[in-house]
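Listed below are the residues making up each chain.
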Amino acid sequence: MDINFLGKTAAVCGSTQGIGKATAIEMALNGANIILIARNEEKLKEVKTILACVSGQHHEYLVADFADPSNLQSVLAENKKLLQNVNILVNNTGGPPGGKAIDAPIEEFRVAFNQHLICNHLLVQACFEGMKTSGYGRIINVISTSVKAPLPNLGVSNTIRGAVANWSKTLANELGEFGITVNNVLPGATDTERLKSIAENKSKKTGKSVEAVLEGMAQQVPLNRVAKPEEVANAITFLASPAGAYINGINVPVDGGR
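Caption draft 1: Here's a closer look at the overall build of the protein. Secondary structure assignment for the protein yields nine helices and seven strands. For 258 residues, the compact-globule estimate of 2.2 N^0.38 gives 18 Å, and the protein sits close to it at 18 Å. Judged by the C-alpha coordinates and their principal axes, the protein covers about 55 × 35 × 35 Å. Each of the 258 residues in the protein was classed as buried or not, and the buried ones make up 46%. A separation threshold of at least 6 residues defines the contact pool for the protein, and within that pool the share at least 24 residues apart is 74%. Accessible surface, the protein as shown: approximately 12,300 Å² in total, 51% of it carbon and sulfur. When the 24 positive and 23 negative side-chain charges of the protein are each reduced to one mean point, those points stand 3 Å apart.

Here is the structure:
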C-alpha cells in the first residue's frame, strides 16, 4: 500500500502530547512535512526536534489557543501562505470536563463548541483552497466513540462530539468533488493525559484508586487493555495516505472492539 507522504504537508493539532504527537511523529517518518499546532510553544519546540527528516522535510509550528477562536483566527491569517501548502489536516484537541449534561453550566457547552467545532471549521477554511488546488486533501477529526453511543458522565463531550461528527459528514459530501476526503477517528480509552484526568475525577467520586479505575476501563475492552496513542495514530495516518483515497465520510472506531 502507498503510505508515502513525500511532498505532502500535514497540519496536526494538539501535537505536543498524546494522539496528536504520535500522529505527527508517524507522518514525519513516512515523509510528510509537519506543521505542529498547539498552545505551548516550549513543548512545540521539543516535539519539532524529534520529528524525522529522512526525506529532507521541513517542519514548522504554530502557537494557538483553541479556547479562543479569535486567537486561532489571527494565527491562521498571519500564516495564510504556509497553510496554503497543507494537504492533510488533523483536527485534534483535548476534551471538555467530565460530568452529567444536566449539571453542566452553559459556559461549558459554549467553550467546548468553540474549541472543537468552531476551531475545526476555521482550520478547514484556512486549508481548503490549497487542498483544492493540489487535488489532494485529507481532513481527519479525532473525536470519540460517544458518537456511536453516549458515554456516562461525559455529557458536554457527548453533545459536542455529535455536532462535530455531523459537520464532518456534511463537509465530506461537499468537498469530495475536489479530491478532499473528510473522516472521523473515534478513539476508545487511550493512554493519554485526558484518560488520566478522567480516571482521577472518577477516583475522587468513587473512592477507588486511580489504578483501579484504569484497570476497570481496560476490562471493559475485549482486548483487555487501553490503546497506545501510536495505535490511534496509525489509523489516522492510513486515512491521510494515498491508500485511503476512497474512504470518505465515515467514523472509524479505534477502541479494541468495545
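Next, the rest of the story.
Caption draft 2: Fine view of the sheet that holds strand β7 (residues 251-254). The strand order across the open sheet built from seven strands is β3-β2-β1-β4-β5-β6-β7, with neighbouring strands paired in parallel fashion. The strands lining the two open edges of the sheet, one partner per strand, are β3 (60-63) and β7. Between one strand and the next, the sheet's axes are offset by a mean angle of 15 degrees, whatever the strand orientation. The sheet contact formed by strand β1 (residues 9-13) and strand β4 (residues 88-91) spans three bridges and is parallel. Following the sheet pairing, Val-12 is matched in β4 by Val-90. Packing against the sheet, helix α2 (residues 41-50) makes contact with β2 (33-38) and β3, and its axis sits at approximately 165 degrees to β3.

Caption draft 3: Quick look at the pairing of β4. The side-chain alternation of β4 yields two buried faces, one formed by Ile-88 and Val-90 and the other by Leu-89 and Asn-91. Across four bridges, β4 lies against strand β5 (residues 137-142) in parallel orientation. Note on β5: the bridge partner recorded for Asn-91 is Asn-141. Taking the sense of rotation as the criterion, the β-α-β connection linking β4, helix α5 (residues 106-134) and β5 turns out right-handed.

What counts, and at which threshold
Throughout, a residue's number is its position along its own chain's written sequence, starting from 1. Per-residue local features are limited, in this predicted model, to residues with pLDDT of at least 70; the limit for side-chain atom pairs, both in listing and counting, is 80 or more; totals at the level of whole chains, interfaces and linings are taken over all residues. Hydrogens and water molecules were not included; the side-chain quantities draw on all heavy atoms of the structure. The numbering of helices and of strands both runs from the N terminus, where a helix is a DSSP run of H or I of at least 4 residues and a strand a run of E of at least 2. For a compact globule the rule gives 2.2 Å times the number of residues to the power 0.38, and the radius of gyration it is set against comes from C-alpha atoms. For every residue, the accessible area (1.4 Å probe, protein chains only) is compared with the maximum for its type, and the residue is labelled buried under 20%, exposed over 50%, or partly exposed between those bounds. Here a residue-residue contact requires only that any non-hydrogen atoms of the pair lie within 4.5 Å. Residue-level accessible areas treat just the shown protein chains as cover; the underlying method is Shrake-Rupley with a 1.4 Å probe. We count Lys and Arg on the positive side and Asp and Glu on the negative side, and we leave His and both chain ends out. For the purpose of locating charges, the reference atoms are NZ of Lys, CZ of Arg, CG of Asp and CD of Glu. The pairing criterion is simple: DSSP has to find at least two bridges between the two strands. To obtain an axis, a line is fitted to C-alpha atoms, over the contacting stretch when the element is a helix, and the angle between two such axes runs from 0 to 180 degrees between their N-to-C directions. The crossover handedness rule: strands pointing away from the viewer, path from first strand over the helix to second strand clockwise, crossover right-handed.

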